[in-house]
Amino acid sequence: MSKTFGQRLSAALDLHGALCVGIDPHAALLSAWGLDATAEGAREFGLRTVEAAHGRVGVVKPQVAFYERYGSRGFAALEDVMAAARDAGLLVIADAKRGDIGTTMEGYAHAWLAPGSPLEADAVTLSPYLGADSLREALALAVHHGKGAFVLTATSNPEARALQSAIVDDALAVGDREHVAARVAHDVNQANIGAPGALGPVGVVVGATVDRSAFGLGDVALAGMPILAPGFGAQGAAPADLRRLFGYVASAVVANESRSILAVGPDRLAARIDERAALYRESLHG
């Protein structure tokens, strides 16, 4: 039996540590790297980042928007970058933040998670704010194909807090005060029931700069789920904060850094990845 995404992610985190390198070819970085703000420039940027990440981290996260802006040529460039990363043995999280209902959501799921799809990734980010149950078929497809998903739960942008920390008071609420973010985590975690290994294939996005207790996301709520944590590096959280921020579940965290790594330029990129990866390993293991 082939390994689940959770098992493959656990192995990658054990081998390389928590660092995930974001692939974010926004215009300012392309210019700083001496590349044109075109699909070809974004392709070159992504391939150079993949080359530098290979053997140094276990996970990369292309930001789909920075490729989508160039239309069909941008998507073709993204296909090349993700294929190169997967061929290099890196786990690829497509940061697409897709969310919809019915057959539309099924279409998104097949685009990003079906084996052989041109945009095939190992996992994709999803938005649950049409109701977490709207993701059921996508999560089932991910599990069936040995893929993963990270569902937006408590994001690092301040304007999201009012929604994500709101209290759920319907008949399905767990306890007296269940936050929306905690409900999302509980609902999507159902897809992990019966999955082998310490981590299930379905995880959550929890910003490293948020107070997760304010969203009802204690260690028990997150146990057994992979956690994609933006907010490290340029957004303020440091590798040394990993254990303090995530406690018991820190070993399940995929700590994304983008600008703090990419801004050094292509010549210093590999060395910068080595430096940052070592800091995360030290944070967890001393």
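Chemist: Summarise the overall build of the protein chain; cite the residues concerned and give the values.
Modeler: Each helix and strand counted, the protein chain has 13 helices and 10 strands in total. A globule of 286 residues ought to have a C-alpha radius of gyration of about 19 Å, and the protein chain, at 18 Å, matches this closely. Principal-axis analysis of the C-alpha atoms places the extent of the protein chain at approximately 55 × 45 × 40 Å. Per-residue burial for the protein chain yields a buried fraction of 53% across its 286 residues. Side-chain charges of the protein chain comprise 24 positive and 31 negative groups, with the mean position of each set lying 4 Å from the other.

Chemist: So what's going on with the nonpolar core? Which residues, and what values?
Modeler: Grouped together as the largest cluster of nonpolar side chains are 80 residues, with contacts concentrated most on Trp112, Phe232 and Phe246. When neighbours within four sequence positions are excluded, Phe232 is seen to be in contact with Ala208, Ala237, Ala238, Pro239, Leu242, Leu245, Phe246, Ala255, Asn256, Glu257 and Tyr280. Membership of the second largest hydrophobic core comes to 16 residues, among which are Ala12, Cys20, Leu91 and Val254.

Chemist: Please set out the pattern of salt bridges residue by residue, giving values where relevant.
Modeler: Scanning the model with the defined rule gives 17 salt bridges in all. One salt bridge in this structure joins Glu40 and Arg43, with 3.7 Å as the shortest N-O distance. With Glu40 and Arg43 both in helix α3 (residues 39-53) and 3 residues apart, this pair spans about one turn of that helix. Exposure remark for Glu40: the relative accessible area of 48% places this residue in the partly exposed category.

Chemist: Would you mind going over the layout of surface pockets in detail, with residue names and values included?
Modeler: In this structure, the largest pocket occupies an estimated 420 Å³ of space. Of all the secondary-structure elements, those providing two or more residues to the lining of the largest pocket are β3 (91-98), β9 (227-229), β10 (253-257) and α12 (259-262). A per-class count over the lining of the largest pocket returns 8 nonpolar, 10 polar and 6 charged. In this model, the second largest pocket occupies a volume close to 320 Å³. Leu199, Val249, Ala250, Ser251 and Ala252 are the residues nearest the centre of the second largest pocket, which is lined by 19 residues in total.

Chemist: I'd love a proper account of the packing of aromatic side chains, names of residues and values included.
Modeler: Evaluation of the coordinates by the stated rule reveals 3 aromatic pairs. Ring geometry for Phe5 versus Phe150: centroids 6.0 Å apart, planes at 85°, classification edge-to-face. Here Phe5, found in helix α1 (residues 5-16), pairs with Phe150, found in strand β5 (residues 148-154); they are 145 residues apart in sequence, far enough to count as distant. When the ring of Phe232 is compared with that of Tyr280, the centres are 5.5 Å apart and the planes differ by 80°; the resulting orientation is edge-to-face.

Chemist: Residues and numbers for the environment of Val168, please.
Modeler: Counting through the fold element by element, Val168 comes out in strand β6 (residues 167-168). Remark: the alpha-carbon pair of Val168 and Ala263, spanning 95 residues in sequence, is separated by 41 Å.

Chemist: Got a sec to walk through the pairing of β3? Specific residues and values, please.
Modeler: Within β3, 7 of the 8 residues are buried, which leaves the element mostly enclosed by the surrounding structure. In the sheet, strand β2 (residues 59-62) pairs with β3 via 2 bridges, with the strands oriented parallel. If you follow Val59 over to β3, its bridge partner there is Leu91. Pairing of β3 with strand β4 (residues 123-126) involves 3 bridges; the strand directions are parallel. Following the sheet pairing, Arg98 is matched in β4 by Leu126. Once you follow β3 into helix α6 (residues 102-113) and on to β4, the crossover reads as right-handed.

Rules used throughout
- Residues numbered from 1 in each chain as written.
- Predicted model: local features only at pLDDT ≥ 70, side-chain atom pairs only at ≥ 80, totals over all residues.
- Heavy atoms only, no water.
- Helix = DSSP H or I, 4+ residues; strand = E, 2+ residues; numbered from the N terminus.
- Rg over C-alpha atoms; globule rule 2.2 N^0.38 Å.
- Buried < 20%, exposed > 50% of the residue type's maximum accessible area, 1.4 Å probe, protein only.
- Lys, Arg positive; Asp, Glu negative; His and termini not counted.
- Charge placed at Lys NZ, Arg CZ, Asp CG, Glu CD.
- Core = buried A, V, L, I, M, F, W, Y, C linked by side-chain atoms within 4.5 Å.
- Contact = heavy atoms within 4.5 Å.
- Salt bridge = Lys/Arg side-chain N within 4 Å of Asp/Glu carboxyl O.
- 1 Å grid on protein atoms, 1.4 Å probe; cavity = no way out; pocket = protein on both sides within 12 Å on 5 of 7 lines; lining within 4 Å.
- Points joined across faces, edges and corners; volume = space filled by probe spheres on them.
- Nonpolar A, V, L, I, M, F, W, Y, C, P; charged D, E, K, R; others polar.
- Phe/Tyr/Trp six-rings, centres within 6.5 Å; stacked < 30°, edge-to-face > 60°.
- Pairing = 2+ DSSP bridges.
- Right-handed = clockwise from strand over helix to strand, strands pointing away.

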